[in-house]
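Listed here are the chains, written in short residue letters.
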Amino acid sequence: MTAIGSRDVHEALRLVLGRVARTLEETGERFPLYCEATGPSDQVWVTTDDGNWCAGYWIGLLWLAAKHADSPQDRRRFEKAAYDHLPPLVRQPAGHIFASLNWHYAGFLGFDVTGDPGLRRRAIEAADAMLTLYHSGARQIPIGIYTTAPPNAASRNGPVDRRSLAAVDVVHTSVPILLRAAAATGNPAYAEVARSHVRRHCELFVRTDGSTGHLVAFDPVTGSPQRAFSTLARSDAGCWSRGFGWHIAGMAAAYSHFAEAADLAIVRRSVEYYLTHAGPDLIPAWDLAIADPDAKRDASAAALVAYGLLSLRARPDAEANDLAAVGARIFKSLLHGCLVRDRAANAGAVLHGCYRHPSGVATDAELIWTDFYVAATLDLLLSRGEAFDQ
């Protein structure tokens, strides 16, 4: 039996947050998105002006760096950087699923670190936007309307309307903030919508073998599902790994809140699929259905699965703890195989993430959300003061 011990956790967190400090120096007021090698020893961050769909990951990393800073001076520096990055996020519309993802970390996590009630208020407003976006006929929070821009672009694309499109990842982008808002306000509407979304999510996206689909288009009036497909898996029958990871993390959050056996059974079934398909190092291919050992892998999917499963350690039941032990195995393998530990310029980076394989974008790179989930998992382990047996 081996364990993720306190020394391992502290060392990994030191590396990851050191990477945050250097990334802040390199990117300044911009938002890092992914980092690719441009030469044998050079890595350059690709950035956006407002964080695009994932601003909350960078702001969340800055909050975590402030929380674990070695000195009051460093804490103030990271807190200031987090606050300085908030205005572009505030200016983004809230009628899409990424607003809830971003404000969960920029808002609620920021509130946890600073005690600033304004951050808490922003997060609750994002949860309110999910109540508005929820489609009662589809029993889903759809993707919504949002505007994207290519990295480093000077101009933005127009808004894309996806209010009739459900996605596997919404169970994590939007359900946890609803559960946090329910706890913060006592308003049962948040938990009611979260519960409804989770139940329908399992019906729409979870296959009998535990794998997951990606997208379901539904009738905008009745909410009846019309077509299931994927734009990020190898095929419509594939299993996009990052979406699968969001599924695990979201379902783990649902079980932690509602304690319903059906939710835990879904997690268990999906974990069995993961262990069968992820390979010996437990870092999956970008599509879990791909058996090719040379396929590009996605460390961000492993980080999400580990993050979700390790959160189950807080539950008192033995089965949840068994699943948390699986999360520990995945996380330890991730730290061993993907975290840069030497004296390289990118020490603390978490490598081998795959952003968008079908379009050839950052197929083997450091992704800002991989870094975030690794840091958040380390923070989780430290906050509980526990080691996790494999």
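Each value, and the rule that gives it
- Throughout this document, residue positions are counted from 1 along each chain, in the order its sequence is written.
- It should be noted that, the model being predicted, local features are given only for residues of pLDDT at least 70 and side-chain atom pairs only at 80 or more, the latter also being counted only at that level, while totals for whole chains, interfaces and linings use all residues.
- Side-chain measures here rest on the full set of heavy atoms in the structure, leaving out hydrogens and waters.
- We count a stretch as a helix when DSSP gives it H or I for four or more residues in a row; a strand needs E for two or more, and each element gets its number in order from the N terminus.
- By the convention used here, residues are in contact when the closest approach between their heavy atoms is within 4.5 Å.
- Under the scheme applied here, a residue whose accessible area is under 20% of the maximum for its type counts as buried, over 50% as exposed, and between as partly exposed, the area being computed with a 1.4 Å probe on protein chains only.
- Aromatic pairing here means that ring centres of Phe, Tyr or Trp (its six-membered ring) are within 6.5 Å. Orientation follows from the plane angle: under 30 degrees is stacked, over 60 is edge-to-face, and everything else is tilted.
- Cavities and pockets were defined on a 1 Å grid built over protein atoms only: a cavity is a set of grid points that admits a 1.4 Å probe from which the probe cannot escape, a pocket is an open set flanked by protein on both sides within 12 Å along at least five of seven lines, and lining residues are those with an atom within 4 Å of any such point.
- Grid points are joined across faces, edges and corners, and a volume is the space filled by probe spheres set on the points.
- Here the nonpolar group is Ala, Val, Leu, Ile, Met, Phe, Trp, Tyr, Cys and Pro; Asp, Glu, Lys and Arg are the charged ones; every other residue, Gly included, is treated as polar.
- A pair of strands is considered paired only if DSSP assigns at least 2 bridges between the two.
- Definition used for salt bridges: Asp or Glu carboxyl oxygen within 4 Å of a side-chain nitrogen of Lys or Arg.
- One less than the residue count of a helix, multiplied by 1.5 Å, gives the span that helix is expected to have.
- Bending is quantified residue by residue as the angle between axes fitted to the seven-residue window ending at that residue and the seven-residue window starting at it.
- To obtain each axis, a line is fitted to C-alpha atoms, and for helices this fit is confined to the stretch in contact; angles are then taken between N-to-C directions over 0 to 180 degrees.
- Every angle not falling under 35 degrees, over 145, or within 65 to 115 is termed oblique; those three ranges are roughly parallel, roughly antiparallel and roughly perpendicular.
- By definition, turning the near helix anticlockwise from the far helix through less than a right angle yields a left-handed crossing, and turning it clockwise yields a right-handed one.
- The set of buried Ala, Val, Leu, Ile, Met, Phe, Trp, Tyr and Cys residues whose side-chain atoms join them within 4.5 Å is what this entry labels a nonpolar core.

Its location among the elements puts D263 in helix α10 (residues 261-277). Contacts of D263, omitting those with residues within four sequence positions, involve R195, V198, M251, A254, Y255 and F258.

Here A106 shows up in helix α4 (residues 97-114). Among the residues examined, A106 registers a relative accessible area of 0% and is labelled buried. Residues A106 and Y57 lie 49 residues apart in sequence; the distance between their C-alpha atoms is 7.7 Å. Setting aside its immediate chain neighbours within four residues, A106 contacts G56, I59, W63, L86, L89 and L119.

Here we come to the packing of aromatic side chains. Tallied over the entire structure, the rule returns 19 aromatic pairs. When the ring of W53 is compared with that of W369, the centres are 4.9 Å apart and the planes differ by 50°; the resulting orientation is tilted. With W53 in the loop between β3 (43-48) and α2 (55-67) and W369 in helix α13 (residues 368-384), the pair connects residues that are 316 residues apart, well separated along the chain. Across the pair, W369 and W53 agree in class, each one buried. An angle of 15° between the planes, with centres 6.0 Å apart, marks the rings of F244 and Y274 as stacked. With F244 in helix α9 (residues 241-258) and Y274 in helix α10, the pair connects residues that are 30 residues apart, well separated along the chain. Relative accessible area serves as the criterion here: at 0%, F244 is assigned to the buried category. In this structure Y274 comes out as buried when scored by relative accessible area, which is 2%.

Of the voids in this model, the largest pocket is the one considered here, and its volume is about 740 Å³. H104, P176, Y307, S311 and L380 are the residues nearest the centre of the largest pocket, which is lined by 26 residues in total. Of all the secondary-structure elements, those providing two or more residues to the lining of the largest pocket are α2, α4, α7 (175-185), α9, α11 (299-311) and α13. Its residues assigned to classes, the lining of the largest pocket shows 14 nonpolar, 6 polar and 6 charged.

What follows concerns the sheet that holds strand β9 (residues 366-367). In sheet architecture, strand pairing relies on hydrogen bonds along the backbone and comes in two forms, parallel and antiparallel. Taken in spatial order, the 3 strands make up an open sheet running β3-β2-β9, and their pairing is antiparallel. Taken across any chain shown, the strands that pair with only one partner, and hence form the sheet edges, are β3 and β9. As judged from the 6 bridges shared by strand β2 (residues 31-37) and β3, these two strands associate in the antiparallel manner. Residue pairing in the sheet places E36 in a bridge with V44 of β3.

A few words on the environment of P293. Locating P293 in the fold gives a position in the loop between α10 and α11. Take P293: its relative accessible area is 74%, and that puts it in the exposed class. Here the alpha-carbon distance between P293 and G51, two residues 242 residues apart in the chain, equals 33 Å.

The subject of this paragraph is the pattern of salt bridges. Enumeration over the complete set of coordinates arrives at 18 salt bridges. The partner of R163 in a salt bridge is D161, with the nearest N and O atoms 2.7 Å apart. With its nearest N and O atoms 3.7 Å apart, the salt bridge here joins D298 to R242. Within this pair, whereas D298 is found in the loop between α10 and α11, its partner R242 is found in helix α9, the two being separated by 56 residues in sequence. Judged on exposure class, the residue D298 and its partner R242 are both buried.

In this section: α4. The terminal C-alpha atoms of α4, which comprises 18 residues, lie 25 Å apart, in line with the 26 Å expected from a rise of 1.5 Å per residue. Taken as a whole, α4 carries its principal kink of about 35° at W103. Just beyond α4, the residue with positive phi is G115, at close to 75°.

Relative to the 28 Å expected for 20 residues at 1.5 Å per residue, helix α3 (residues 72-91) spans 30 Å between its end C-alpha atoms, a close match to the ideal helical length. Along α3, the sharpest kink reaches roughly 25°, centred on H85 and followed within four residues by the proline P87. For α3, the set of buried residues is F78, E79, A81, A82, H85, L86, P88 and L89.

Another point: the packing of α7 against helix α8 (residues 188-205). One way to put it is that α7 packs onto α8 with a least axis distance of 8 Å and a crossing angle of 155°. Taken together, the axes of α7 and α8 are roughly antiparallel relative to one another. The element α7 and its partner α8 pack so that their crossing is left-handed. Facing α7, whose interface residues are V175, L178, L179, A181, A182 and T185, α8 presents Y190, A191, V193, A194, H197 and V198. In terms of residue class, the contact of α7 with α8 is built from 10 nonpolar, 2 polar and no charged.

By secondary structure assignment, the location of Y273 is in helix α10. Separated by 63 residues in sequence, Y273 and G210 have C-alpha atoms that sit 5.5 Å apart. Those residues in contact with Y273, other than ones at most four positions away along the chain, are D209, G210, S211, C239, F244, L288 and A289.

On to the nonpolar core. Y57, L309, F331, L334, W369 and Y373 are the most contacted members of the largest nonpolar core, which totals 137 residues. In this structure, F331 is in contact with I4, A306, L310, V374, T377, L378 and L381, ignoring residues within four places of it in sequence. A285, I290, A295 and C354 belong to the second largest nonpolar core, which has 5 residues in total.

Honestly, that's just the spatial picture; any functional story needs more than this.
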